[in-house]
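Remarks on the overall topology
Here is what each chain is made of, one letter per residue.
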Amino acid sequence: MLDRMLRVAAFVIIAASVMGAQRSVAEDNAKIAAGETVYNTYCATCHGDNLVSSGQTFDLRKLPADARPRFENSVLKGKGQMPPWQGVLSSDEIDQLWHYIRDNAHEK
Ligand code: HEC
């Protein structure tokens, strides 16, 4: 009896953690899709279709996984010929952009 209850409890715990993992994958996919829309609206004219730079601007796919602070700083404050995006993009949109860029990065 106790044995059976333990097995049921273990099953419930495993099922819940699998569902939690699936939910976070779905959330990430939603962010990636939203980030693509934000990118196409604000960034693609300079940084290239599908993140492929023509060579005139920085290729965003080169940003490594640990470069998020640098990314946010450049995006919010602007850099060189790039205008600042502070006040234009929400922090959610910047988060979505980051997910989209990382999903297409050269080094995952
Ligand atoms: C008007 C053209 C233009 C637009 C639009 C633009 N950028 Fe840029 N971006 C540039 C240029 C030019 C650079 C290179 C700046 C330099 O290093 O002098 C750059 C550089 C960057 C960098 C790298 C900065 C670094 O740390 O070296 C990031 C990140 C970036 N852009 C993100 C974005 C994002 C995200 C968007 C859309 C919200 C965007 N850019 C829209 C022109 C643009």
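Numbering of residues begins from 1 in every chain and follows the order in which that chain's sequence is written. Predicted model: local features are reported for residues with pLDDT of at least 70 only, side-chain atom pairs are reported and counted for 80 or more only, and whole-chain, interface and lining totals are derived from all residues. Neither water nor hydrogens contribute to the side-chain values; these are computed over all heavy atoms in the structure.

1. Details of unusual backbone geometry
- Positive phi is not limited to glycine here, since Asn-50 has a value of about 55°.
- Helix and strand assignments follow DSSP, with helices taken as H or I runs no shorter than four residues and strands as E runs no shorter than two, numbered in order from the N terminus. Here Asn-50 is to be found in the loop between helix 2 (44-47) and helix 3 (68-77).
- Look at Leu-51: it is not a glycine, yet its phi comes out positive at around 70°.
- You can see Leu-51 is positioned in the loop between helix 2 and helix 3.
- Exposure remark for Leu-51: the relative accessible area of 0% places this residue in the buried category. Each residue's exposure class comes from its accessible area (1.4 Å probe, protein chains only) as a fraction of the maximum for that residue type: buried when under 20%, exposed when over 50%, partly exposed otherwise.

2. Observations concerning the coordination of the iron atom of the ligand
- Metal coordination here is assigned from N, O and S atoms located within 2.8 Å of the ion, or within 3.2 Å for Na, K and Ca; omission of water means that sites may look incomplete. Coordination of the iron atom of the ligand by the protein comes from His-47 (NE2) and Met-82 (SD), over a distance range of 2.0 to 2.1 Å.
- Just to be clear on the cut-offs, tetrahedral is four donors with all angles between 85 and 135 degrees, square planar is four donors and octahedral six with opposite donors over 155 degrees apart and all others between 65 and 115, and anything else goes down as irregular. Of note is the iron atom of the ligand, whose six donor atoms meet at the metal with angles of 80 to 180° in an arrangement that counts as octahedral. In this pair, His-47 sits in helix 2 while Met-82 sits in the loop between helix 3 and helix 4 (91-103), placing the two residues 35 residues apart along the sequence.
- For His-47, a relative accessible area of 11% puts it in the buried group.

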